Amino acid sequence: MAQRKTISVEEFFGPPPRAKVTLSPDGRRMAYLAPWENRMNVWVESVDTPGDARCVTTEDRGVVSYHWTRDPRWLLYTRDQGGDENLHLYRVDLDDPDAAAVNLTPYPGARTIGLDLPAERPGTVVTQLNLRDRAQFDLVELDIATGDITPLAESPRNNGEGWLYSERGPFMTATTPEGDIELSRWDGATGSAHPVARFDGGDAPLGIYPLEVTPDGSGVWLGSHRGGDRLRLARLDLATGEEHEVDSHPEYDLDTRARVFPALPSPLIRSRRTGDLLGVRYLGQRQVVHALDPDFAAVLENLEKLSDGDLAALSSDDSGRRWVAAFTHDRDPGVTYLYDHATGESRLLHRAKPDLDPESLAPMRTVSITSRDGLTLPAHLTLPVGVEPSRLPLVLLVHGGPWSRDSWGYNPAAQLFANRGCAVLQVDFRGSTGYGRAFTRAGIGEFAGRMHDDLIDGVRWAVEQGYADPDRVAIMGGSYGGYASLVGVTFTPDVFAAAIDVVGVSDLAAFMRSQPDFVKPMLAYNWYAYVGDPADPEQEADMLARSPISRADRIRTPLMVVHGANDARVALAESDRLVEALRSRNVPVEYIVMEDEGHAIENPENVVALYTAAERFLTEHLGLDTDTA
């Protein structure tokens, strides 16, 4: 049996030396994210003469997302202020090394959504901006060089409108009073919307995704459940509203993780030059890519030979000759290659964790668990290296959303706790997305009900399999996962020996009332549909009954609560109330407030601090082994 080497928290969670590499349109340069003063910023380097890298942004919060424009002179990126989620759009001039980045949307409280670089309008970017009203987003065009704004379509009302840009005119998505999602053609001359299609909001709790305009502007590619349980790719004709299947997988849904985690790739792989559809990603236990273009099929065949991981971020030059491909892997994360299709040559660009030996990391495997009512629950199990997998401490990691899912790949939290001798289990409970429409809709009305039962059934399974010691089980998660952790210690306190809640919801009704104005209309097809309406006294009472704050007097499990002071999704006041209720009864609770964070804990030193505290907390209450084996 291989020996286990203790790996530091910093090694697991420290920023990678490089990440998110993309090619310039002409294929001559690469941009990527790398640390600058311990913050991820954008760097640029020549493809053919590596070694001339220079940092082109100096953001003190770091950059998460950036984009090449069609002119390789310009780069665009977005960032918020202290985690408030008000993303501003910035421009970098690569031809002027001394020029500072320019904020193209320098308006306090403003937020940009989406980014389109229309081929027919070079030098411009189309985005959505809430300048007139912080609750409403208008479609605007920005001149990249000057920052001048040209309105394209004005949001008519506060119904959660979103916009699609097409050279044939703008299209609008909006929430109906019934909680459905309606796609309409926008007539700017009359200020009216003409419905094209309607979709059941309960089938798409985070909206229609993907939803991308075809190159000729006559249709949209979209994820659709019409005619079946699995999410397939369809094309909707914007003139007639007719929908036709483009591609599907018999067992897997489209890979829609990027809807929740924008840093992940879209399920649609498109030509950089023409916008044509090249391939489609599906996700089950592992990813499957369907090539829809014969030339791309040849590229894909060679790319998939580079790694036994799943193809992740992918970019090419305009000609489709040079490609940069990154891979998802449970033990070799972010390995990235440059591939030249003309010569067939490839070279390794970097590994995200070069100091970690893949053999020292724990494999993640997929398992299936049967719930108490017979539902098959997909799950991922990570067992420590060099340890007999018998009666181990167990950490139940619960994903956020809840309209999201876990998947195979490198998970630093799972690796940390496995390295400390724990079994780590991630259960995709009912209500999770990615496993068909029926599985998601099974979560309706089941907050703190069957959704939580599924997690407890996962613990039961791990105990019955002999992996877990029933007296040493912890639960941890962020956002919905934080809510689940609090449900665990209030509804089933005897199951858990410790719990860690990160930015979790403790009061469902207060959470829904405190959402940002631009989010509230969209609650109709997710939170209202799945949990209830806090304006209805009967439903509010039910929501309170499912809220951990109403059962705070039952908490006796050691609890750690972590929250970002600038959280725009779950107000800090929720955690304040919970902690105050516990401390008033002299119940010990560890409370960490991060003053420069929001709903996502992003700054590297804060991420390291969070998991250092979690390691210490679980060592105390589960008896983790932190010594080198």
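In this report, the structure presented in the accompanying data block is examined. (Residues numbered from 1 in each chain as written. Predicted model: local features only at pLDDT ≥ 70, side-chain atom pairs only at ≥ 80, totals over all residues. Heavy atoms only, no water.)

## Digging into the environment of Phe12
Logical step 1: Structurally, Phe12 is set in helix α1 (residues 9–13).
Logical step 2: Among the residues examined, Phe12 registers a relative accessible area of 2% and is labelled buried.
Logical step 3: It is 6.8 Å that separates the C-alpha atoms of Phe12 and Leu416, two residues lying 404 residues apart in sequence.
Logical step 4: Ignoring anything within four residues of it in the chain, the contact list for Phe12 reads Ile7, Lys353, Leu356, Leu361, Tyr410, Pro412, Gln415, Leu416, Asn419 and Arg420. (Helix = DSSP H or I, 4+ residues; strand = E, 2+ residues; numbered from the N terminus. Buried < 20%, exposed > 50% of the residue type's maximum accessible area, 1.4 Å probe, protein only. Contact = heavy atoms within 4.5 Å.)

## Section: the sheet that holds strand β19 (residues 232–237)
Logical step 1: Spatially, β17-β18-β19-β20 is the arrangement adopted by the four strands of the open sheet, whose pairing is antiparallel. Of all strands in the sheet, those with a lone pairing partner are β17 (211–213) and β20 (243–247), marking the two edges. The mean angle between the axes of side-by-side strands here comes to 30°, regardless of whether they run parallel or antiparallel.
Logical step 2: As paired strands, β17 and strand β18 (residues 219–224) are joined by three bridges and run antiparallel to one another. (Pairing = 2+ DSSP bridges. Axes fitted to C-alpha atoms, helices over the stretch in contact; angles between N-to-C directions.)

## Section: the sheet that holds strand β30 (residues 376–382)
Logical step 1: Spatial ordering of the open sheet is given by β29-β30-β32-β31-β33-β34-β35-β36, a layout of eight strands whose pairing is mixed. Unpaired on one side and paired on the other, β29 (364–370) and β36 (589–594) mark the two borders of the sheet. Neighbouring strand axes in the sheet, compared pairwise and without regard to direction, differ in orientation by 20° on average.
Logical step 2: Of the pairings in the sheet, the one linking strand β33 (residues 468–478) to strand β34 (residues 498–502) comprises five bridges and is parallel in character. Note on β34: the bridge partner recorded for Ile475 is Ala499.
Logical step 3: Each of β34, β35 (559–564) and β36 is contacted by helix α10 (residues 572–583), which is oriented at about 155° to β36, the strand it contacts most.

## A word on the side chain of Arg79
Logical step 1: Among the secondary structure elements, Arg79 is positioned in strand β6 (residues 74–79).
Logical step 2: For Arg79, a relative accessible area of 13% translates into the label buried.

## A closer look at unusual backbone geometry
Logical step 1: Omega for the bond connecting Tyr209 with Pro210 falls within 30 degrees of zero, at -10°, which places this linkage in the cis form.
Logical step 2: Take Pro210: it is sitting in the loop between β16 (192–199) and β17.
Logical step 3: You will see that Ala448, though not glycine, has its phi angle at about 60°, which is positive.
Logical step 4: When you line up the elements, Ala448 lands in the loop between α4 (437–441) and α5 (450–464).
Logical step 5: With a phi angle near 65°, Ser479 is a residue other than glycine that sits in the positive phi range.
Logical step 6: Within the fold, Ser479 resides in the loop between β33 and α6 (480–491).
Logical step 7: Residue class for Ser479 comes out buried when judged on its relative accessible area of 19%.

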